[in-house]
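Close look at the chain arrangement
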Amino acid sequence: MKIYSILWSIPFLLFGYFSLNDSEIYPIDGYSSTGIRRLAYLEKKLSGEVTGTPIINGAKKSISEIKLNLLDTRGDSLAALPTAADPDFQKAINRIFPNLDESYSYTILDITPGRPIRYAKRQESKGFQPGSVGKLAILIALFDQLEKLYPDSFEKRQDLLRSTMVTAGSWVVTDEHTVPIFNPETGKYLNRTVKEKDVFSLYEWADHMMNVSNNGAASVVWREVMLMSVFGNEYPVAQERADEYFKNTKKSELATFSVSLVNEPLRVLGIDENEWRLGSMFTRGAKAIVPGSGGSIGSPTGLLKFLVAVERGDVVDSVSSLEMKRMMYMTGKRIRYAAAYVLKDAAVYFKSGSLYSCVPEEGFECQKYYGNSKNYMNSVAIVEHPDGTTYMAVLMSNVLKKNSSNDHFGLATQIDQIIRGTTKK
């Protein structure tokens, strides 16, 4: 087992940034293949060995049941997004938006087998700060580098993810999101914030980045992506070599290099820099070591292109696309868009992101998700119902002084009803 650590202590200050998604992701039966210890706890929960909130039906898919939906000729027809919306579909979706804030933007693509593909859009090119949705770009970059290390063996890529144990260091400073920690030998389970001395496998760090949207985990995974690219087949390297690299490389070079690693795979997918780009690490500790460059932006079009590419098996390769889809699968508490009751029996592959900031205003008190300067909330989802209804939705908003979570929840309900044909005529 390979173990190394990166330890830093450089102060940096960031205000008003929160990005939350406290769902549990990855198929519950994935412990044996990934070594993600949280999944061993969920297996016990599903079997009744431990008690707790019941797992909903839509969260019980096995690894073997998760498939890519666009590997056939339907996928070929979506090598590019439709140029025009379906008129009737667009008209139906438009009806649910008149009373909502003008910032609401979306792309919706119905790919249900056995019926024509339907597309609807609203301000689809509008740019938003993606918040934690941007962590999907880090996930893509991780699998991109793994493929470069082992182009002919996904098994070796998985082994590297399982066996490489990584220490947090100051890259996780500071993050309020807790992570689930389970010891299969003692049965002890707890949730707490990440500490600088914490050690998890690379698979677990990626899982923390996705399942609880931990900002520290995102910075750690991005760091490892950089080290994979720099050291190639010598990765993982000893702490001293990693320390030396980050210490002796100019910060301007680190900034340019880091953003290129997470953005170039997006360009390969045909997503341009105005549709989706990631520009900075997610924690102040990481930003003190690797500064940001160019800013971050996301659009409904860019993110839908990613979802389609996943289903087509085009994100790195088909096995990587499938594994990324598994890591987006919700197996626990659902929030925002994915929390809609109508989705309880559906498999939902999801990422949520938010970012708010405040400026002084008389009579206004700044609170989480109530920013008066910026108040972004974004949802990205693939939905698969047991009856075969399958669609993708990207919903982005910037509604000031309001927590838009309930609006996303309500819109998910109405969008689902329209797609499944259950709305009143």
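Within each chain, residue numbers correspond to sequence positions counted from 1 in written order. For a predicted model such as this one, the threshold for reporting local features is a pLDDT of at least 70, and the threshold for listing and counting side-chain atom pairs is 80 or more; totals across whole chains, interfaces and linings nevertheless cover every residue. Hydrogens and waters are ignored; side-chain quantities use all the structure's heavy atoms.

1. Regarding the overall build of the protein
- Here a strand is any run of E in DSSP of at least two residues, a helix any run of H or I of at least four, and the numbering for each starts at the N terminus. Per the secondary structure count, the protein includes 14 helices and 12 strands.
- The atom set for the radius of gyration is the C-alpha atoms, and the globule formula is 2.2 Å times the number of residues raised to the power 0.38. For the protein, the C-alpha radius of gyration of 21 Å lies close to 22 Å, the compact-globule estimate for 425 residues.
- Considering only C-alpha atoms, the protein reaches an extent of 65 × 55 × 45 Å along its principal axes.
- Note on exposure labels: buried denotes an accessible area under 20% of the residue type's maximum, exposed denotes more than 50%, and partly exposed covers the range between, all computed with a 1.4 Å probe on protein chains only. Expressed as a percentage of the 425 residues in the protein, the buried residues total 57%.
- Taking the intrachain contacts of the protein between residues at least 6 apart in sequence as the baseline, contacts between residues at least 24 apart amount to 72%.
- As displayed, the protein has an accessible area near 17,300 Å², and 50% of this comes from carbon and sulfur atoms. Should any heavy atoms of two residues lie within 4.5 Å, those residues are counted as being in contact. Methods summary: accessible areas were calculated by the Shrake-Rupley approach with a probe of 1.4 Å, and residue burial reflects only the protein chains presented.

2. Topic: the pairing of strand S2 (residues 105-110)
- In terms of burial, S2 is largely enclosed, as six of its six residues are buried.
- Residues Ser105, Thr107 and Leu109 line one face of S2 and the alternating positions Tyr106, Ile108 and Asp110 line the opposite face, and both faces are buried.
- For two strands to be treated as a pair, DSSP must find no fewer than two bridges joining them. Pairing geometry for S2 and strand S12 (residues 390-398), over six bridges, is antiparallel. Across the sheet, residue Ile108 finds its bridge partner in S12, namely Ala393.
- In this structure, S2 lies alongside strand S3 (residues 118-122), joined through five bridges in antiparallel fashion. Following the sheet pairing, Ile108 is matched in S3 by Ala120.

3. So, the pattern of salt bridges
- The salt bridge definition used is simple: a Lys or Arg side-chain nitrogen within 4 Å of an Asp or Glu carboxyl oxygen. Summed over the entire model, instances satisfying the criterion amount to 23 salt bridges.
- One salt bridge connects Asp110 with Arg118, and the closest N-O pair in it is separated by 2.8 Å.
- Overall, Arg118 belongs to the buried group, its relative accessible area being 18%.
- Between Asp198 and Arg192 there is a salt bridge, with its nearest N and O atoms 2.8 Å apart.
- Judged by its relative accessible area of 9%, Asp198 is buried.

4. Overview of the state of the cysteines
- Throughout, a disulfide means two cysteine sulfur atoms within 2.5 Å of one another. Scanning all chains against the criterion turns up one disulfide.
- Sulfur-sulfur distance for the disulfide between Cys358 and Cys366 comes to 2.0 Å. Linking Cys358 and Cys366, the disulfide has an S-S dihedral of approximately 70 degrees and is accordingly described as right-handed.
- Take Cys366: its relative accessible area is 39%, and that puts it in the partly exposed class.

5. Here we look at the packing of helix H8 (residues 215-231) against helix H10 (residues 251-268)
- The interhelical angle for the contact between H8 and H10, taken along N-to-C directions, is 95 degrees, at an axis separation of 10 Å. Considering their axes alone, H8 and H10 lie roughly perpendicular with respect to each other. Within the contact between the two elements, H8 uses Trp222, Val225, Met226, Ser229 and Val230 and H10 uses Leu254, Phe257, Ser258, Val259, Leu261 and Val262. Throughout, an axis means a line fitted to C-alpha atoms (over the contacting stretch in the case of helices), and angles, computed between N-to-C directions, take values from 0 to 180 degrees. When describing relative orientation, an angle under 35 degrees is termed roughly parallel and one over 145 degrees roughly antiparallel, while 65 to 115 degrees is termed roughly perpendicular and anything else oblique.

6. As for the pairing of strand S6 (residues 189-193)
- Of the pairings in the sheet, the one linking strand S5 (residues 178-182) to S6 comprises five bridges and is antiparallel in character. Within S6, the residue paired with Thr178 across the bridge is Thr193.
- Hairpin connection of S5 to S6: six residues between the antiparallel strands, including Gly187 at a positive phi of 80 degrees.

7. Here we look at the nonpolar core
- Counting residues in hydrophobic clusters, the biggest one holds 98 residues, and the most contacted among them are Trp205 and Phe306.
- When neighbours within four sequence positions are excluded, Phe306 is seen to be in contact with Leu136, Ile140, Ile271, Trp276, Val315 and Met328.
- Only buried Ala, Val, Leu, Ile, Met, Phe, Trp, Tyr and Cys residues count toward a nonpolar core, and they belong to the same one when joined by side-chain atoms within 4.5 Å. Residues Ile93, Tyr104, Ile335 and Val348 belong to the second largest nonpolar core, which totals 29 residues.

8. Re the environment of Ser64
- By the secondary structure assignment, Ser64 is in the loop between helix H2 (37-47) and helix H3 (73-76).
- The class for Ser64 is exposed, based on a relative accessible area of 51%.

9. Here's the deal with the sheet that holds strand S11 (residues 374-384)
- Read across the open sheet, the five strands follow the order S3-S2-S12-S11-S10; overall the sheet is antiparallel. Among the strands making up the open sheet, the edge pair consists of S3 and strand S10 (347-357). When strand polarity is set aside, the average angle formed by the axes of neighbouring strands in this sheet is 0 degrees.

10. A look at the packing of aromatic side chains
- Side-chain rings of Phe, Tyr and Trp (the six-membered ring for Trp) are treated as a pair once their centres are within 6.5 Å; stacked means planes under 30 degrees apart, edge-to-face means over 60, and tilted covers the remaining angles. Enumeration according to the criterion identifies 13 aromatic pairs in this entry.
- With a centroid separation of 4.9 Å and 65 degrees between ring planes, the pair formed by Tyr245 and Phe246 is classed as edge-to-face.
- For Phe246, a relative accessible area of 4% gives the class buried.
- Summarising the aromatic geometry, the rings of Trp276 and Phe306 are spaced 5.7 Å apart at their centres and angled 70 degrees between planes, so their arrangement reads as edge-to-face. You can see Trp276 sitting in strand S8 (residues 276-277) and its partner Phe306 sitting in helix H12 (residues 300-312), a full 30 residues away along the chain. Here the two residues Trp276 and Phe306 agree in accessibility, since each one is buried.
- Throughout this description, the term charge over a ring refers to an Arg CZ or Lys NZ atom that lies within 6 Å of the ring centre and within 35 degrees of the ring normal. Positioned over the ring face of Phe89 is Arg118, at 4.5 Å from the centre of the ring.
- It is Lys325 that lies over the ring of Tyr349; its NZ or CZ is 4.6 Å from the centre.

11. What about the side chain of Asp175?
- Mapped onto the elements, Asp175 comes out in the loop between strand S4 (164-167) and S5.
- One buried charged residue, Asp175, forms no salt bridge at all, with the nearest opposite charge on Lys135 at 6.0 Å.
- The definition of a polar contact used here is a pair of N or O atoms within 3.5 Å, where within protein one atom must be able to donate a hydrogen and the other to accept one, and adjacent residues in sequence count solely through side-chain atom pairs. Within the structure, the side chain of Asp175 is placed 2.5 Å from the side chain of His177, a separation counted as a polar contact.
- Among the polar contacts made by the side chain of Asp175, one reaches the main-chain amide nitrogen of Asn215 at a distance of 2.4 Å.
- Leave out the neighbours within four places in its chain, and Asp175 touches Thr193, Asn214, Asn215 and Gly216. In this tally, Asp and Glu contribute negative charge and Lys and Arg positive charge; neither His nor the terminal groups of the chain are included.

In short, the description is geometric, and any link to function would need to be established separately.
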